[in-house]
Structures are given as C-alpha cells and as structure tokens.
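# Examining the three-dimensional arrangement
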Amino acid sequence: MSVETERSSTESDVSGLDYEETALTLGIPGGARATGAELERKRGFSRTVDLTSRIGASEDRSDESPDTNTAGSAKAPAPKARVVGWPPVRNYRKNALKSSNKYVKVAVDGAPYLRKVDLEAYGGYEELLSALQEMFSCFTIRNYPNEERKLVDPIHGTEYVPTYEDKDGDWMLVGDVPWKMFVDACKRLRLMKSSEATNLGLILLLLNSLLFELERRSSACFIIIFFSLSFLFV
Amino acid sequence: MKVQSAMFYFPEEVIEHIFSFLTHHPDRNTVSTVCKAWYKIERLSRREVFVGNCYAIRPDRAAARFPGLRSLTLKGKPHFADFDLVPPDWGGLAGPWIEAMARSCPNLEELRMKRMVVSDESLELLAHAFPNFKALVLVSCEGFSTDGLAAVARSCKSLRELDLQENEIEDRGPRWLNSFPDMCTSLVSLNFACLKGEVNLKSLERLVCRSPNLKCLRLNRAVPVETLAKIMNQCPNLEDLGTGSLLADQFSEAYVSLISALQKCKKLRCLSGFWDASPLCLLAVYPICANLTGLNLSYAPTVQGQDFINLIQHCVKLLRLWVLDSVGDKGLAVVASACKELQELRVFPSDLFAAGPATVTEEGLVAISTGCPKLNSLLYFCHSMTNSALITVSKNCPNFTRFRLCILEPRKPDPATNEPLDEGFGAVVKTCKNLRRFSISGLLTDQVFYYIGKYAKALEMLSIAFAGDTDQGMTYVLNGCKNLRKLEIRDCPFGDGALLADVTKYETMRSLWMSSCDISLRGCKALATKMPSLNVEIINEWEAEMEENLNNGVAEVISNNNNKHINNGNDERKVEKLYVYRTVGGPRTDAPDFVWTL
C-alpha cells in the first residue's frame, strides 16, 4: 500500500474528526458545537483508538464503520462473545480485581523530586486534582469560569497548569478529553508554571488555527508547515 | 362471656409488652392486621422497619405510621442493577426517605440501605436531623463522596457504626477521617474498605486510639502494614479485621511488629482484606487461624496454590469462607479436609471470561460437600458442572438454604453426557427442603422448572438466566412456588403467555424482573390493566432509537409526553426490560424518561 494513501486517510481522520473534537479549548468555548459533537465524539474516539493502534496497517480504514473499529481495538483476545452483565459479578468486585494500576510520574516545576500517582485510583479529574493538591500540599485548586482548572500556590501566587504527556509524546492540557480516555493515554503528568503554559498554549493555538485553514489546501503543504511549526514548539 | 369481655379491657401497656417479644417483622406485620386497636398499639411501639422495595410505599406514609421508629432498612434498585442491567439514573433515591424521617421520626438511630442512590446533601441532613443517630450501613450504594462521610463523622455525636460495603464513593481526599471529633469515643464498627483513595494515616491511628470499644475495623488498600501493626497494638479486643495492603519486607520493623500485634488479638474471629498479600505476611496470620470463624480472601488473587493451602489448613473452626477460584480444586479439597464446621462458601471467578484454563470444576464442589456436611449457603462460579456432581452434592448437604451456581459459559451442558442440567438442579430442590434462595445456570430446559415448581416449596428468591424452552417453564414456577417473593429472569424465551399465566401471583411477591425475554408491550399493558395494585414499569431503548432517527432527519420532533410513545400503535414491540412490583404508593413520581409505568 502506498504511503500516499495512508497519509491521506490519516489526514482526513485527523482534520475531520479527531482534531475538532479533541481540540484545545484555551480561550475558545466549545459550546456551539457541543450537541452535535456529542454523538460524533463517541465515534471519533473509536477512530482515534483505531488510529493509534493500527498505524502502518495495510488496509484502507476510512470506510469501516465505528462499530467494527471499536470491536477490533478491544484488548483481550475474547473468542467468546461478551454478554452484558454476565457473569453476574458486581462492578465493585470487577474493578477491585483489575490488576491495572496505572502509576504515572508527576513533576512539578521547581520541586526537587517527582511523585507517582495511580490514575486508576481516581474516578475523575476532580479527584485527581484533589489528590495532587494533597500531595503537593502547598496548592489549592482554583476553578476558572471557562472550566479550566489550575493549581495555585497561595504563598507565591504562582499558578500551575496541569499538563500530561500522551502516548504520542505530545504535551496536552489536562481536562479536555473524557476521563477514561485520559487515563489510557496519559504517560506522565507535569504541573507547569502558568507563565510557561501560556506560551505553550499560544503556540498550540496558532498551530490549531493554521492547520484548520490549511486543511483545505494540499496535503503536502500542510505537512511541511506542521513540521516546521513543531520544531519551533520543541 | 365474662372472659370474652375482659379481653376488651386488656390494658394497652400489657399488649405492647407482649408485642415487644415479637422481633421478626413479618410477625409484627401480622399482628397489626388483627384489629384497629392492635394496629395502633403495634405502630406506635414499632422500633424497626424493613422496606424491601423503597417504592412499595411512600416515605411519608411509612414515617407517619411509625413515629417511634429507631431503625430503618431500605432496599432500592432491583438486584440485577448490580450487573449493569439497570441504566444509571433509574432511581432508588434515598433523599425522600431521609427527608421524611427527618420530619417525622427524630429518634432514628440506625439506617441501613442497599442499592440506593445517596447524595452528600442527604448525608448532611442525616447528620443534623437525628441527635441519637448511631449506625449507618451502606451496601452497594452510590451518589455520594467522602464529603458526605465527613458530614456524618463530624455531626453524629454518638456514632457507633459506619459500615461501607462495596459502594461507589467519589473520593475527594483523605480529610474526611479528620472529621471525627476528638470527643468521639463511641465507635464500635468502622468499615471503609471500599474507598479507593489515600487515607490520612495519622488521623486513623488517633481515631483508633480513642475508640476503646472498637470491635470491627476494615481498612482500605491504602493502609500499609506499619499502620496496621500500630492499630492492632492499640486494640487487642478487635473481633473483626479487614487488613489494608499486606505487603511487607521480611526484615522490616513493620513485619515484626505485625506478628507480635496479631498474636495479642485473642478475640479476632473474622479476617478480610489481604490486598496484595505477600506469602510472608500470610505467615504472620497463621497463629490466629485456629480461632477464625470468618475468612474473606476474595480480593486476594496473590493467595493461591501452596500459600492458600498452608493458611487454610489451620482454620479448623471456620464457618464462612470467601475465596477466588484461583485456589483450584486442590485448594478446595484442603478446605474440605480442614474446615469441618463450614457453613457458607463463596467461590468467585478470578478470570471473568473463562478464557484461561479451568480452575475450579465440579470436583472441587463435590469434595467440599463430602467434607463439610454442615454447608448451608453456597455461591460457586465455575467453568462446568455435571448432573452427577450436583446429585452427589445434594445428597451430602441436604441443609442448603441458599444455593447459587454460576457456570461461566451460558447454556453449557453437562460435559460428561452432553445433556441439560435439569436433573442435577432438580436433585437440589428435591433434597433441600429449606431452600430459600436459588440461582441456576448452564443448559436448562422446562424440566428444571417443573422440578422447582413441584419441590421448592420454601423458595423465596429465584434467579434464572439463559434457561427454559417455552412459557410453560415460567408458569411451573409461578404456580408451584408458594413462598416466592422475588423472581428475576434474563435472556429466557418466556413470553406474554407466561407473564399473564397467573397475574394475581405478583401481588403475593415483592417483585418480578424480566429482561431480554420474549414479552411484548401488549402483554405488559394487559398486566397493568388487570392488576392496578402493581407498578408495571418498562425500561426501554426506544427513546434512544427515536433520538437517533431524529438526528438522521428521519423522525419529527417528538413531544415529551410518554403516552404518545406508548400509544403510537405498535404494541407488538418487544419489551427489553420489565420490572413489576406491588406497591401502595402508586406510580413513581421520580421515574426518569426511560422508565414508563403502564
């Protein structure tokens, strides 16, 4: 299969669904697109999963329905069909026995050593941020009206923005994607000083809008600009 | 004549005193129906109320009837909600009950709830409304966080019992433990094993130090061995312990102090927890095994093979044992030889999809039945079962009151003969005359239901999945089981004929659940029409279907009026989930959109 075909399907997936649905919301309320995007998000997610697990696969994936995508990317070999609620074991017990402990390093800009947290121990972003707050006990959580969450060191007034490195090695803002998706994708956490994060955010914002514009133009042009900007960013 | 008229002048206090000897609530329910005088005396002197279905009566009415209420037990969602068969937001809200009690029963001391949705606000209200509140027991509940627990800890001055079993609790940090005031010394039982997050260890140690009456303490996974040892040194009178994480280094101070602490606890009878247990920590437990009556290893996948055998062979007085199937038939054989007093056994699956090799089989169960004739309660998950094994088991243990067998693969026949398991389960109902709870699985025809209807006269709760051939199966059960209270069925070919075979039967039962069966809207409507004293509720996915059509531009905008859905013509539609229950409270006022009361 030619490299060209793979790239074009990647591009259409990325710019068509993933990018909009998981786009950073720094300063841009996503309200207008929320309802329509809600249903799309589920299918978008399954395509993302498929994308990350099958990059380099030979077939043309763009025609497959979302259902087969999710089925294909299921982790266990599972030769037998899974029935809802069978075997009759309470969720609490199922979750307690799951040996998955997802420990990730947590770095705080300026702290001498790192900590580790088990992401599986938390039910959502709220719990995680509370735990980080306890751990680096000098912080309090401040909620911003546009739903960003930041940790604040009350003594010096420095704000920290929670970010994480995902499977692709990109640094993302914590809180944009559904919790489960985040747990799956997160490799490590970093509490970044807000001043640095703003710069990061601005650059990514720029990237975002540039790429959106370029979507309509040739794919080659898009790739060149994408790479040059990412050099800037790194 | 004279004797008869004397009865009418029997002082109320005397009757009340006589009633005080009636503790079994069905008995109290019965005496209240004798006459108005007895109804009044009974209701004013009633201290404990059990409501098996929170929608069977309006909270206000219950609270008004029993103003002297001290202890309330409530059950909310249907049992199959434990297995994701009931959508979230179905109901089972504790709020209205707590509010009603706060208005009318200020002397409430104990609240026990199972499968209900409790909010932090309700827990706040609870904490402030009942000055004598002593015991809160929540099993399989959800909807609250550690903030709610903090409210209870902070404000319930004479709290004796806080028991959280297998709840989904949002963890908002470890500070809730600090909320127990310094003057709180009344704790007898504390169980927070189901909390997922960190715990403030210093607070925990201090709390234990100032609770001399502590008899039951169940810690969560976040509590390390060091803290456990410190705690146990503080309460040598502990009778029931749930350990935290049992990982320790052989030469660590923690391990050494754990051993000495455990040896001091002469009264320890029940052990659970064993999270991440290392074989070394198990060694520390051996000295107390001989006195144990209860042991729960079902959250300890690390305890298997020889480690398990070494542990269990000391437990000669064991009455209740919960394990994972990773102990294998071999482990169960050792249980059979060591635990001669065993009454209850639960074997849970460690691998939910039967993808690996078989761990426990019918051999393990037969061994247990041979070695432990006093066994009366069983929950057994296995890969396969044979008729001959079941027949042997029932011969060896005729005292079963609870028998639940779950073969992991639906509709699996007897592997030795390729036949259905009708004869095996039939043998159980024939021999066990006191059977009150029964769950069956594997390949089953109508014949097993014939046996159940004919022999299971004491049966109160029956759970069926992937079984039966025709409506006749369900009909046998409805006609034959005189004491049936709860019937729950999933994925069986029972249709409207079975549903409507004996409609008055449902008035004698607490509830009926049917999902993924063959019933239609027409049948459910007929039931609702014939029996106005029942709530006939259907849970359906048609709403979601309509919405999808809407998004695709196929359907028009729907009005929110449920009647439009129900009466838009197609009564032949299959009903995915049906929940029928008797009630004096009328249709639910808090039913969500997807629940339709017919």
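Keep in mind it's a predicted model, so treat the numbers as computed, not measured.

### Focus on the overall build of chain B
- Counting its regular elements, chain B contains 23 helices and 23 strands.
- By principal-axis analysis of the C-alpha atoms, chain B measures approximately 75 × 75 × 65 Å.
- Residue burial in chain B is summarised as follows: out of 598 residues, 55% are buried.
- Considering only contacts within chain B whose residues lie at least 6 apart along the sequence, 72% involve residues at least 24 apart.
- For chain B, the accessible surface area stands at approximately 24,800 Å², while carbon and sulfur atoms represent 53% of it.
- Computed over 67 positive and 68 negative side-chain charges, the separation of the two mean positions in chain B equals 9 Å.

### Regarding the pairing of strand β18 (residues 461-465) of chain B
Residue and element names in this part refer to chain B.
- Burial analysis of β18 places five of its five residues in the buried class, the great majority of the element.
- Side-chain alternation along β18 places Met461, Ser463 and Ala465 on one buried face and Leu462 and Ile464 on a second face that is also buried.
- Relative to β18, strand β17 (residues 437-440) runs parallel, the two being bridged by four bridges. Residue Ile440 lies in a different strand from β18, and its bridge partner there is Ile464.
- Taking the sense of rotation as the criterion, the β-α-β connection linking β17, helix α18 (residues 446-455) and β18 turns out right-handed.
- At this point the chain moves from β18, through helix α19 (residues 471-480), to the parallel strand β19 (residues 486-490), and the crossover so formed is right-handed.

### Details of the side chain of Thr163 of chain A
- For Thr163 of chain A, the location among the structural elements is in strand β5 (residues 159-165).
- Not counting residues up to four positions away in its chain, the partners in contact with Thr163 of chain A are Trp171, Met172, Val174, Arg188, Leu189, Arg190 and Met192 of chain A.

### As for the state of the cysteines
All names here are of chain B.
- Within the structure shown, the criterion is met by zero disulfides over all chains.
- Take Cys339: it sits in no disulfide, and the sulfur closest to it among the cysteines is that of Cys315, at 6.0 Å.
- Overall, Cys339 belongs to the buried group, its relative accessible area being 0%.

### Some thoughts on the UniProt feature "domain: Transport inhibitor response" (unreviewed entry) in chain B
- The sites that UniProt annotates as "domain: Transport inhibitor response" (unreviewed entry) are residues 67-113 of chain B.
- Helix and strand shares over residues 67-113 of chain B are 21% and 19% respectively, and the end C-alpha atoms of the span are 19 Å apart.

### Thoughts on the nonpolar core
- With 186 residues, the main nonpolar core has Phe180, Phe403, Phe438 and Ile452 of chain B as its most contacted residues.
- Here this core takes seven residues from helix α12 (residues 279-289) of chain B, the largest share from any one element.
- Apart from residues lying up to four places away in sequence, Ile452 of chain B is in contact with Val429, Phe438, Ile440, Leu459, Leu462, Val477 and Cys481 of chain B.
- Listed in part, the 24 residues of the second largest apolar core include Tyr164, Phe182, Val183 and Cys186 of chain A.

### Concerning the packing of aromatic side chains
- All chains considered together, the criterion is met by 26 aromatic pairs over all chains.
- Pairing Tyr92 of chain A with Tyr299 of chain B gives two aromatic rings, centres 5.8 Å apart and planes at 70°, and the pair type is edge-to-face. A residue pair is termed interchain when its members come from two chains, as with Tyr92 of chain A in helix α4 (residues 91-97) and Tyr299 of chain B in the loop between β12 (294-296) and α13 (305-312).
- Judged by relative accessible area, which is 13%, Tyr92 of chain A ranks as buried.
- Residue classification places Tyr299 of chain B among the buried positions, given a relative accessible area of 9%.

### Digging into the environment of Glu168 of chain B
- Residue position: Glu168 of chain B is located in strand β7 (residues 168-170).
- Judged by its relative accessible area of 32%, Glu168 of chain B is partly exposed.
- Distance in space between the C-alpha atoms of Glu168 of chain B and Gln343 of chain B is 30 Å, their sequence separation being 175 residues.
- Those residues in contact with Glu168 of chain B that lie beyond four places of it in its chain are Tyr92 and Asn95 of chain A together with Cys141, Glu142, Gly143, Phe144 and Lys196 of chain B.

### So, the interface of chain A and chain B
- Each partner contributes to the interface: chain A provides 23 residues, whereas chain B provides 42 residues.
- When chain A packs against chain B, the two sides together hide about 3,100 Å² of surface, and 58% of this comes from carbon and sulfur.
- Here chain A is connected to chain B by three salt bridges.
- For the interface between chain A and chain B, the tally reads nine residue pairs in polar contact (both at pLDDT 80 or more).

Analysis parameters
Residues numbered from 1 in each chain as written. Chains lettered and ligands numbered in written order. Predicted model: local features only at pLDDT ≥ 70, side-chain atom pairs only at ≥ 80, totals over all residues. Heavy atoms only, no water. Helix = DSSP H or I, 4+ residues; strand = E, 2+ residues; numbered from the N terminus. Buried < 20%, exposed > 50% of the residue type's maximum accessible area, 1.4 Å probe, protein only. Contact = heavy atoms within 4.5 Å. Areas by Shrake-Rupley, 256 points an atom, 1.4 Å probe, with all protein chains shown as cover. Lys, Arg positive; Asp, Glu negative; His and termini not counted. Charge placed at Lys NZ, Arg CZ, Asp CG, Glu CD. Pairing = 2+ DSSP bridges. Right-handed = clockwise from strand over helix to strand, strands pointing away. Disulfide = S-S within 2.5 Å. UniProt positions renumbered as here; feature names shortened; annotations may be inferred. Core = buried A, V, L, I, M, F, W, Y, C linked by side-chain atoms within 4.5 Å. Phe/Tyr/Trp six-rings, centres within 6.5 Å; stacked < 30°, edge-to-face > 60°. Buried area = accessible area lost by both parts, 1.4 Å probe. Salt bridge = Lys/Arg side-chain N within 4 Å of Asp/Glu carboxyl O. Polar contact = N/O pair within 3.5 Å; in protein donor to acceptor, adjacent residues only side chain to side chain.

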